[in-house]
Each structure stands twice: as C-alpha cells, then as structure tokens.
Amino acid sequence: MLFNQQFLFTPGPTPIPERVKLAMNEPMIAHRSKAFSHLLEDVSKRLMPIFGAKDPVLLVAGTGTSALEAAACNIVEDGDHVVVIVTGAFGDRFANICQAFGASVHRLNIEWGKACEPDQLENYLKSLDVPIKAVFATYCETSTGVLNPIKDLGTITKLHTDALFIVDGVSCIGAVPVDMEDWQIDILVSGSQKALMLPPGLAFIALNQRAREVVKNCRTKRFYFDLNRYLTSYYEETSTPFTPAVSLIAGMREVCNLVEQEGLENVISRHQLLKSMLRSGLQELDIPLFVADDIASPTVTSIKPNENSIAPIKQGLQERFGIVIAGGQKHLKGKILRIGHMGYCTPFDILRVLTGLEMIQSSLLGRNILGKATAKAEEVWSKNV
Ligand SMILES: *Cc1c(COP(=O)(O)O)cnc(C)c1O
C-alpha cells in the first residue's frame, strides 16, 4: 500500500476537494478590506439556499460545537424551560450546553438508533405544563446515523408551544433538503468539516427575524458568541466583529461554486444514492445495519457487526486499505461502526469501502463473498444513471 494514501470515511472531518484546497491557499487578505467584505457577503448569501434560509448566514470562527453554544447562549436565559430532543450523543451535547447556561432542561430521551417520532414530541410537550422557550433538535444524529423528521417536529413544536425551534444540522446541511420557513426552524446551525467539504474551524448560524429579536433581548452573559455583534458587524460594515477564518471562508466560496455547478438538487440526490448503494451492499455481507431504512441518514451509515468483528473490521480497513471509518460513541463504543459518506464522496468511493469490507468479511466469515456487495451496489448505481 502507498504510505500516504488515506481514504477518509469518517463522519467528520471529511475529504476536501483539490479546488477547495487551492482556494484556501490563495494569498491572505486583510480582513478590514473591500476584498474581504466582498468575500463575506458573497459567501453569506450563497449559503442561503444550502441552509434554506431567507437571510444571509452568519459565519463564526469555531467548530460545530461553538455554533451549538451560540444557538443556546443567545436564546436561553437562566431558569428558562427548554426541551431538548436527545436521539444520541449530539442531542445530549445540546442538552448539556443548555444546562451550562442555567436552563431547566427537559430531555426527551429517545432510544439511540431510533428517530424522534412526531407523536413522541407531541405527547411530551403536552405533558409539560411550563412555558417552553425553545425546542432543540438534531437533524442528523451523527452518533447513530439517524435522520430526524425535522419538518414534522417543527410543526408539532409550533402547534403546541410558542417556543423557538432550533436545529443542529452539523452533519447533514449541504447534503439534505431544508427550508427554514416552511419547516418552521428559527435557528439552524452547522460546521465546516462535515458535508460542507472544508477543514474544521468554521461555524455557520442561520437565524430568522424572530430569532434575531430574541437574541437582541437575551440577557445571558456572553462575549465572543454574542450574535448581536456578528449581526451588527455584517449589516453595518459587511464585516465580522473579530478576525474571521479568512482561508476557510475563501474555501467556502469554492465549495459554493462546486455545489452550484453540480446543482444543490443533484448534490442531495447523490447523497441518497451513496446511502442506497452502501446499505444494499452491506446487506450482502452479513453485516447488520444499525438503523432502519426509513430513518437512515444519507450522510452516515452505522453498522452493527457481531462484537468480535468490530475491531478486525475497523483495523483491517485501516491497515490493509488505508480506509478510515469511525467507531461508536458513549455506550455504543465497541458496539457499532460508522461510515461517513458526505460532501466530497462519489459512488466509486462507496465501491472502494465495500470492496475492503468484502475482503475482510470473506476472511472473518471463512467463505468467499468477494464481489457480492459491489455487484449489488453497482446495480443500484446503474438504475440511477
Ligand atoms: C460534528 C458534530 C457537531 C460538532 O462537533 P465539533 O467537533 O465541535 O465540530 C455537532 N453536532 C453534530 C450533529 C455533529 O455531527
């Protein structure tokens, strides 16, 4: 194997297109310059369709978690009641962040590997007799590979409460449909190193007008993540309050070019194809899927091989083929494996990971299943082209 070849199938960070790397290598520009203002405005506006937003998307230097923190600390005040839908590790993180800012957090705990059904949220909201300031949800729960039915959860939230609906879209925005107005999302956040094909370090925050009003009046102590600073700076100076992640924003402009050239609709259907190819291939390998078809994410697929095979599969992929996948988190550690397929990922990449799995499973099972998974995945692909 070539030593420097690595194939990244982790659900973040994800591979970066060559053109994006080149864009990030352009000469540095001063951030208090016309050139930067132009870049910032261009990117903030071209992100609107990707976020299904009606207003420019705010850019903050930080990882995805900083976007979650910003979404919480600009809304939640000490003692506020909030509901957090917890379908896995990232829902749990959202709840912990809200708690850190003094919220009274009502956790709607869903079994990991399942999605939150709209009627589960409905019953939960009905059972609470306190005013709810915000309902927090995770679009793609990366720790399990589940895609939550955000549109329906938004409808239920607005039907039963006056709460803001706040969504973590870190591991899927850029790969899935979303419409903040129609889906009644007030704040939608994401990060750079997942479906948006960039290195880690840039956070995205889309807020509607209603959320902006709440942010303006929020008394919670904060400084760097005070979104009022970012809004004022953007609208008054087309700038950012602090030094922005200039190179990442330059990279983001190239990502916008790529997405527009392929067409956002096509980007979304490509991810559906990647998911279908991988899932149908895996079924030929005697590797059980962890998540049911109807709630499976198009960006990350979890598998549940028997426990003795977990380490050999993960290590075998890495050592024999340079393919890197992820393990489980929290109580799913050692129980599942996760394969990321978001952003800069093609159908051929899926065949690569399936080929590796075929070879490893053939030796683990002691029978020849070479070609089985790839044939199945190619069939799925053929029907699509
Ligand atoms: C990756 C991820 C985050 C943010 O994690 P960082 O490590 O801070 O970038 C948050 N939510 C979800 C759903 C994620 O997948």
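Everything numeric here is computed off the predicted structure, so don't read it as measured data.

Enquirer: For this particular structure, what's the right way to read the pattern of salt bridges?
Expert: Once their charged atoms are close, side chains differing in charge can pair, the charge on each being opposite to the other. Applying the stated rule across the entire model yields 19 salt bridges. In this structure, the salt-bridge partner of Arg46 is Asp42, at a minimum N-O distance of 3.0 Å. Of this pair, Arg46 and Asp42 both sit in helix H2 (residues 34-46), 4 residues apart, which is roughly one turn of the helix. Residue Asp42 is classed as partly exposed on the basis of its relative accessible area of 22%. Here Lys335 makes a salt bridge to Glu307, at a shortest N to O gap of 3.5 Å. Taken together, the residues Lys335 in the loop between strand E13 (326-327) and strand E14 (337-340) and Glu307 in helix H12 (residues 307-321) connect sequence positions 28 residues apart.

Enquirer: What is the right way to read the site of the ligand from this model?
Expert: Taken together, 13 residues sit near the ligand, with Thr63, Thr65, Thr142, Asp168 and Lys194 positioned nearest. In this structure, an oxygen atom belonging to the ligand sits 2.4 Å away from a side-chain N or O atom of Thr142. Lys194 places a polar side-chain atom, nitrogen or oxygen, 2.7 Å from an oxygen atom of the ligand. Compared with its free state, where it exposes 380 Å², the ligand has 88% of that area covered by protein. Of all the secondary-structure elements, those providing two or more residues to the shell around the ligand are helix H4 (64-73) and helix H5 (89-100). Here the shell around the ligand is composed, by residue class, of 3 nonpolar, 7 polar and 3 charged.

Enquirer: Sorry if this is basic, but what is going on with the sheet that holds E14 here?
Expert: The strands making up a sheet are joined through hydrogen bonds of the backbone, oriented either antiparallel or parallel. Pairing is antiparallel in the open sheet, where 3 strands are placed in the order E11-E14-E13. A single partner strand is all that each edge strand has here, and the edge strands are strand E11 (300-303) and E13. Bridge count between E13 and E14: 2 bridges; the pairing is antiparallel. Bridge pairing in E14 links Gly327 to Leu337.

Enquirer: Would you take a moment to explain the packing of aromatic side chains for this structure?
Expert: Geometry of an aromatic ring pair is reported as the spacing of the ring centres plus the angle between the planes. A full pass over the atoms with the stated rule returns 10 aromatic pairs. Here Tyr139 and Trp183 contribute two aromatic rings whose centre-to-centre distance is 5.9 Å and whose plane-to-plane angle is 70 degrees, an arrangement assigned as edge-to-face. Highlighted residues: Tyr139 in the loop between strand E5 (132-138) and strand E6 (140-141) and Trp183 in the loop between strand E8 (164-168) and strand E9 (187-191), separated in sequence by 44 residues. Given the relative accessible area of 3%, Tyr139 is considered buried. Their ring planes at 35 degrees and their centres at 6.0 Å tell us that Phe223 and Phe242 sit as a pair that is tilted. Of this pair, Phe223 sits in the loop between helix H8 (209-217) and helix H9 (227-237) while Phe242 sits in the loop between H9 and helix H10 (246-262), and the two are 19 residues apart along the sequence. An aromatic cluster is built from Phe223, Tyr224, Phe225, Tyr230 and Phe242, whose rings are joined through pairwise contacts. Stacked on the ring of Phe223, the Lys or Arg Arg229 has its end atom at 3.8 Å from the ring centre. Over the ring of Phe7 we find Arg352; its NZ or CZ atom is 3.8 Å from the centre of that ring.

Enquirer: Which parts of the structure should I look at to understand the UniProt feature "modified residue: N6-(pyridoxal phosphate)lysine" (unreviewed entry) in the protein chain?
Expert: The residues that UniProt annotates with the feature "modified residue: N6-(pyridoxal phosphate)lysine" (unreviewed entry) are Lys194. Tracing the chain through its elements places Lys194 in the loop between E9 and strand E10 (202-207). Residue classification places Lys194 among the buried positions, given a relative accessible area of 8%. When sequence neighbours within four positions are dropped, the list of residues in contact with Lys194 reads Pro11, Gly12, Thr14, Val170, Ser171 and Met342.

Enquirer: Teacher, can you tell me more about the environment of Ala163 here?
Expert: Along the chain, the position of Ala163 falls in the loop between helix H7 (150-160) and E8. On the accessibility criterion, Ala163 (0% relative accessible area) is buried. In sequence terms Ala163 and Val82 are 81 residues apart; their C-alpha atoms lie 8.3 Å from each other. Residues in contact with Ala163, not counting those within four places in the same chain, are Ile132, Lys133, Ala134, Val135, Thr157, Lys158, Asp186 and Arg210.

Enquirer: Looking at this structure, I do not really get the UniProt feature "binding site: substrate" (unreviewed entry) in the protein chain. What am I missing?
Expert: As annotated in UniProt, the feature "binding site: substrate" (unreviewed entry) corresponds to Arg338 in the numbering used here. As for its position among the elements, Arg338 is in strand E14. In contact with Arg338, not counting residues within four places along its chain, are Phe9, Pro11, Thr142, Ser143, Val300, Thr301, Ser302, Ile325, Ala326, Gly327, Gly328 and Gln329. A distance of 2.8 Å separates the side chain of Arg338 from the backbone oxygen of Thr142, its partner in a polar contact.

Enquirer: Sorry, what's going on with the packing of H4 against H5 here?
Expert: Axes are the key here: two packed helices are described by the angle between their axes and the distance separating the axes. At a minimum axis distance of 9 Å, the contact between H4 and H5 shows a crossing angle of 45 degrees. In terms of orientation, H4 lies oblique with respect to H5. Classified by chirality, the crossing of H5 by H4 is right-handed. Here H4 contributes Thr65, Leu68, Glu69, Ala71 and Ala72 to the contact with H5, which in turn contributes Arg93, Phe94, Ile97 and Cys98.

Enquirer: I'm lost on the sheet that holds E9 in this one. Help?
Expert: If you trace the 7 strands from one edge of the open sheet to the other, you get E2-E10-E9-E8-E5-E3-E4, paired in mixed fashion. Taken across any chain shown, the strands that pair with only one partner, and hence form the sheet edges, are strand E2 (58-61) and strand E4 (104-109). Neighbour-to-neighbour, the strand axes of this sheet turn through a mean angle of 20 degrees, independent of strand direction. Sheet topology note: the strand E3 (residues 81-86)/E5 ladder contains 4 bridges and is parallel. Residue pairing across strands places Val84 opposite Phe136, the latter belonging to E5.

Thresholds applied
- Residues numbered from 1 in each chain as written.
- Predicted model: local features only at pLDDT ≥ 70, side-chain atom pairs only at ≥ 80, totals over all residues.
- Heavy atoms only, no water.
- Salt bridge = Lys/Arg side-chain N within 4 Å of Asp/Glu carboxyl O.
- Helix = DSSP H or I, 4+ residues; strand = E, 2+ residues; numbered from the N terminus.
- Buried < 20%, exposed > 50% of the residue type's maximum accessible area, 1.4 Å probe, protein only.
- Near = heavy atom within 4 Å.
- Polar contact = N/O pair within 3.5 Å; in protein donor to acceptor, adjacent residues only side chain to side chain.
- Areas by Shrake-Rupley, 256 points an atom, 1.4 Å probe, with all protein chains shown as cover.
- Nonpolar A, V, L, I, M, F, W, Y, C, P; charged D, E, K, R; others polar.
- Pairing = 2+ DSSP bridges.
- Phe/Tyr/Trp six-rings, centres within 6.5 Å; stacked < 30°, edge-to-face > 60°.
- Lys NZ or Arg CZ within 6 Å of the ring centre and 35° of its normal.
- UniProt positions renumbered as here; feature names shortened; annotations may be inferred.
- Contact = heavy atoms within 4.5 Å.
- Axes fitted to C-alpha atoms, helices over the stretch in contact; angles between N-to-C directions.
- Parallel < 35°, antiparallel > 145°, perpendicular 65-115°, else oblique.
- Left-handed = near helix turned anticlockwise from the far one by under 90°.

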